[in-house]
Amino acid sequence: MNDKVLFFDTTLRDGEQCPGASMNLRQKLEVARQLEKLGVDIIEAGFPVISDGDFEAVSTIARTVKKCRIAGLARCVEKDIRAAAAAVAPAGDRARIHTFLATSPLHREFKLKKSKEEILAMAVEGVKLAKSLVNDVEFSAEDASRTELDYLAQVVEAVIDAGATTVNLPDTVGFTTPAEYTKMIEYMVKFVPNVDKCVLSVHCHNDIGLAVANSLAAVAAGARQVEGTINGIGERAGNAAIEEVSMALSTRPESFGFAKGEKPHNLNTREIVTTSRVVARMSGLSVQRSKAIVGENAFAHSSGIHQHGILAKRETYEVIDPAEVGWGETELPLTKHSGRAAVKARLEKLGHTLSDEELTQVFNRFKKVGDSKKFVYDDDLASLVNDSLDTHNAVWKMIALQFTSGSEAVPTATVTLEKEGKRFTDCAIGNGPVNACFKAIDRITRTKGGELVEYNVRSASAGQDALGEVTVKVQFGTDCSCKPVSGKGAATDVIEASARAYLNAVNRNLKLVEIATKA
Ligand code: KIV
Ligand code: ZN
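Just so you know, these numbers come straight off a predicted model, no measurement behind them.

**Student:** Even after reading the chapter, I still don't get the pattern of salt bridges, so can you show me in this structure?
**Tutor:** Any two side chains of opposite charge can pair if their charged atoms end up close together. A complete count under the given rule lists 31 salt bridges for this structure. Measuring nitrogen to oxygen at the nearest pair gives 2.4 Å for the salt bridge that ties Arg-26 to Glu-358. Of this pair, Arg-26 sits in helix H1 (residues 25–38) while Glu-358 sits in helix H13 (residues 356–372), and the two are 332 residues apart along the sequence. Overall, Glu-358 belongs to the buried group, its relative accessible area being 5%. Taking the shortest distance from any N to any O, the salt bridge between Lys-291 and Glu-244 comes out at 2.5 Å. Separated by 47 residues along the polypeptide, Lys-291 in the loop between helix H10 (272–283) and helix H11 (304–312) and Glu-244 in helix H9 (residues 242–251) bring together distant segments of the chain. Residue Glu-244 is classed as partly exposed on the basis of its relative accessible area of 22%.

Rendered as C-alpha cells:
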C-alpha cells in the first residue's frame, strides 16, 4: 500500500458553513490561490445550486486555479448535478462533481423517508448522470459511519459500477471512533469486489474531537483521500484539520503504512502557516493560540528546562522542525518609505495576489497607516488586504470620518460616504463616539434598526501603535434570514476601525437583501 494520500480541501464549502464564516468571491479566490500553492489535490469550491454567489465562486475558481482538481457539491438530484457540472466546467479535465446522499437508517427514515432500495437507485442514477457530464465523479454516502456495513458495501459497489471514481465515507456527525472507522474501511476493502476501481475517501467532523484521529485511522486501513479544512473550520465543531493530518503523516509515515522517509502526500508543507493565516483572515475565524502546527504557541517553549533542551538539541522537545511548516520566515517590517513594489512583493509572500486596482487601494491605505505608525508589520498589511477585499464592490465606501468625544462633551460624528461616485455627508450624536459613527452611517445609508449584537476589538500586530481590528455582528430588521450579519474593519484608530466594520456589515446586508429579492 504505497499510493500517496490525496488531500481534498473543503474550506470553501464545509468550512464556509461554519457559523461566523462568510467570504465574498474575492476572498474565496485568495484562499483558492493559496490552496493551490499549498498543493492540495482537490479544492471543493462550493455548492453551486445553493446561490448565484456560490455558482460564481465555483466557476471563477475553476477558471483561475490551474493545478488542482475543482469540485462542486451536488445533492443526488438532477438540478444540483447539472448546476455543479456547469460551474466546474471551466476546469476542463480537472472538473469533479461531488454528489452525496445519506445512507444511514436515521437519515433514510426521518430525513429522506425512503427505503434502502430507493436510496440505492437514487445514488446510482445521480452518479450516472454526473458521469455523463464529467469524467471525475465522487459519491459521498452521507452519515456513512452510522450506516449498516453490509448495506454501505452494496451502495459503494453500485456507485463504482455507475462510474464513481472516488467514494467518500463521511463521519457526518463526528460520532465514530478510530477503531470503528478502521473496521469500516477494512470491510469495504474486503467485501466490495470492485473497490480497486475507486479511491476510498474519508471526511470527518470533530464533534467529539476525533476528526484527525479518525482520518488517520482510515488512511492506515487503506483510504487514499482525506477531506478536511485548513485550521479545522467547518460545521459545528469543524472538520479534520488538513495541517494536522498532513503533518501527522509526514512526521510518522511508518505508523500509517508508508515507509520511513517516504513522502506520503503531495503538500508543500512550508506553505502551511501562510495558508492558515490567509484562511483565518479571509474567513474572520482566528486560530486559537495553542492549536497544533499553526497556533502562535505551537512551537513556543516557555519553561526553562524546555528552552535549555531545545538549545542543546531541537529534537529534545520538538517533533517537527517549525521551518518545515513555514514558521520563522518573518522579515523586516515595512515603513512609510517602502514603495509599491516592496509592498506588492511582501503581499505575495503573505499569499496575496492582487489586481493593480486592488494593490493601489491597499497601497494608499498602507501609506496612510505608515504616516501614523513607524513600522507596518506583516499582520498589519494582511489586515489591510482583508479590509479592502471585503469592501471590494461594496455599495457604500468610507471617504472620511471625524468625531469628538470626552468626559464632558456630547459624542458627535460626521461621516462622508460614497455611492456610485456621489458623496454624502451627515452627522449624528450618540452615547459614545462609536455609537455616533454608527448612527451617522445609518442616516446616510438609510439603515433602519441596525442593532449591534456583538463587538470585538483586537490588535493586528504588536505595539501601542498596532492596527486595531474590529469585528461586529449586527441584527438588521431587513435581513431575510434573520441572522446577525458580521462586518470587519481595520485602522490605527479603533473608532475608525469600528465605523469601517459597521459599514462592512451594512454593505453585506444590502447584498443579502438583494440576493433574497432576486430569489
Ligand atoms: O459531512 C458530510 O457528510 C458532508 C458531505 C456533503 C460530504 O459534508
Ligand atoms: Zn461535512
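Back to the write-up after that little detour.
**Student:** I'm lost on the pairing of strand S11 (residues 422–429) in this one. Help?
**Tutor:** Within a regular strand, side chains alternate between the sheet's two faces. As judged from the 8 bridges shared by strand S10 (residues 412–419) and S11, these two strands associate in the antiparallel manner. Bridge assignment links Val-415 to a residue of S11, and that residue is Asp-426. Counted between consecutive antiparallel strands, the loop separating S10 from S11 contains 2 residues, among which Glu-420 sits at a positive phi close to 45°.

**Student:** Would you take a moment to explain the site of ligand 1 for this structure?
**Tutor:** For ligand 1, the full set of nearby residues is Arg-13, Asp-14, His-98, Phe-100, Ser-140, Glu-142, Asn-168, Pro-170, Thr-172, His-203 and His-205. The contact in question runs from an oxygen atom of ligand 1 to an N or O atom on the side chain of Arg-13, over 2.9 Å. At a separation of 2.7 Å, an oxygen atom of ligand 1 approaches a polar side-chain atom of Thr-172. In isolation ligand 1 offers 260 Å² of accessible surface; the protein chains occlude 94% of this area. Taken together, the residues of the shell around ligand 1 break down into 2 nonpolar, 6 polar and 3 charged.

**Student:** How should the packing of helix H12 (residues 340–349) against helix H14 (residues 378–390) be read in this particular structure?
**Tutor:** Geometry of a packed helix pair, given as the angle between the helix axes and the separation of the axes. For the pair H12 and H14, interaxial distance at closest approach is 11 Å and the crossing angle is 90°. Considering the angle they form, H12 stands roughly perpendicular to H14. Across the interface between the two elements, Val-343, Arg-346 and Leu-347 from H12 touch Asp-378, Leu-381 and Val-385 from H14. Split into classes, the residues belonging to the contact of H12 with H14 amount to 4 nonpolar, no polar and 2 charged.

Rules and cut-offs
- Residues numbered from 1 in each chain as written.
- Chains lettered and ligands numbered in written order.
- Predicted model: local features only at pLDDT ≥ 70, side-chain atom pairs only at ≥ 80, totals over all residues.
- Heavy atoms only, no water.
- Salt bridge = Lys/Arg side-chain N within 4 Å of Asp/Glu carboxyl O.
- Helix = DSSP H or I, 4+ residues; strand = E, 2+ residues; numbered from the N terminus.
- Buried < 20%, exposed > 50% of the residue type's maximum accessible area, 1.4 Å probe, protein only.
- Pairing = 2+ DSSP bridges.
- Near = heavy atom within 4 Å.
- Polar contact = N/O pair within 3.5 Å; in protein donor to acceptor, adjacent residues only side chain to side chain.
- Areas by Shrake-Rupley, 256 points an atom, 1.4 Å probe, with all protein chains shown as cover.
- Nonpolar A, V, L, I, M, F, W, Y, C, P; charged D, E, K, R; others polar.
- Axes fitted to C-alpha atoms, helices over the stretch in contact; angles between N-to-C directions.
- Parallel < 35°, antiparallel > 145°, perpendicular 65-115°, else oblique.
- Contact = heavy atoms within 4.5 Å.

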